[in-house]
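# Working through the structure, step by step
Residue-level listing of the chains:
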Amino acid sequence: MSGCKQNPKINEAMRTDIENSVLCWLATVDADGTPNVTPKEIFSAYGDDRIIVADIASTNTVRNIQSHPKVCVSFIDVFRQRGFKIVGHATILDPNSSAFAEVGADLLKMVDGDFTIRNLISIQIEKVSRIWAPSYTHFPERTEDERMLSAYKTYGVTAGKVV
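Report follows, based on the coordinates. (Residues numbered from 1 in each chain as written. Predicted model: local features only at pLDDT ≥ 70, side-chain atom pairs only at ≥ 80, totals over all residues. Heavy atoms only, no water.)

## Observations concerning helix H2 (residues 59–67)
To be explicit about the condition: Relative accessible area decides the class of each residue, using a 1.4 Å probe on protein chains only: under 20% of the type maximum gives buried, over 50% gives exposed, and in between gives partly exposed. Each helix is a run of DSSP H or I of at least 4 residues and each strand a run of E of at least 2, with the numbering of both proceeding from the N terminus. Working note: the arc is built from the helix axis to C-beta atom directions. For this analysis, residues touch if any pair of their heavy atoms sits within 4.5 Å.
Of the residues making up H2, those classed as buried are Thr61, Val62, Asn64 and Ile65. Here the buried residues of H2 occupy an arc of 165° about the axis, which is enough to place them on one side. Looking at the buried residues of H2, the elements they touch are strand E2 (24–29), strand E3 (35–40), strand E5 (50–55), strand E6 (70–77), strand E7 (82–93) and strand E8 (119–132).

Rendered as structure tokens:
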């Protein structure tokens with residue numbers, strides 16, 4: 001990972017990697033300090049300083065945030081082999097919150113009625129670090145297309161379909 005930026009704003013690179021990531025991983029800690037990391041499928045950028053994650057089945061995550069709001073969320077575009085690690089302060093917005101519909105608008109479109117969003121997890125970004133696959137260091141001459149072709153081969157993807 002490269003250097004960490006304090007109080008950054010969401011830039012185009014972050015938006016691109018968010019849009020191209022299938023999952024993000026949200027890390028919290030419980031009352032005893034035990035880490036909990038769970039995959040989240042429905043997430044997006046909100047404004048220029050927040051990541052919003054849908055609570056679809058995240059009872060432990062929500063409970064942990066209510067007692068320890070410092071979280072870490074990571075997302076990676078597996079085909080481009082890069083992403084971001086974000087550390088921030090999370091708050092829970094329940095459906096009765098006046099901000100729920102506005103803040104959650106993109107997530108509600110994503111679920112399109114398939115899932116019920118119980119709460120929104122709003123993460124105010126405090127620090128951002130870039131995540132790069134080791135191949136960026138070991139093979140800096142490789143192009144993005146070469147990296148993507150290698151990942152397609154690794155994951156059994158050809159011409160936009162899984163084989």
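## Notes on the nonpolar core
For clarity, the threshold we go by: For the purposes of this section, nonpolar cores are sets of buried Ala, Val, Leu, Ile, Met, Phe, Trp, Tyr and Cys residues that join through side-chain atoms within 4.5 Å.
One finds Ile51, Ile86 and Ile123 to be the most contacted residues of the largest nonpolar core, which totals 20 residues. Contributions of two or more residues to this core are made by helix H1 (12–19), E2, strand E4 (43–46), E5, E6, E7 and E8. For this core, the element with the highest residue contribution is E8, accounting for four residues. Setting aside residues up to four positions removed in sequence, Ile51 forms contacts with Ile10, Ile18, Ser44, Ala45, Ile86, Ile121, Ser122, Ile123 and Ile125. Core analysis: the next-biggest nonpolar cluster, separate from the first, contains eleven residues, Ala54, Phe100, Val103 and Leu107 among them.

## Let's talk about the packing of aromatic side chains
The test is simple: What counts as a ring pair is set by centres within 6.5 Å for rings of Phe, Tyr and Trp (its six-membered ring), and what kind of pair is set by the plane angle: stacked under 30 degrees, edge-to-face over 60, tilted for all other angles. By definition, being over a ring means that NZ of Lys or CZ of Arg is both within 6 Å of the ring centre and within 35 degrees of the ring normal.
Scanning the entire structure with this criterion turns up five aromatic pairs. Judged by centre distance (4.6 Å) and plane angle (55°), the rings of Trp132 and Tyr136 are tilted. An aromatic cluster of at least three residues, connected via ring pairs, comprises Phe43, Phe75 and Phe84. Directly above the ring of Trp132 sits Arg130, whose terminal nitrogen or CZ lies 4.6 Å from the centroid.

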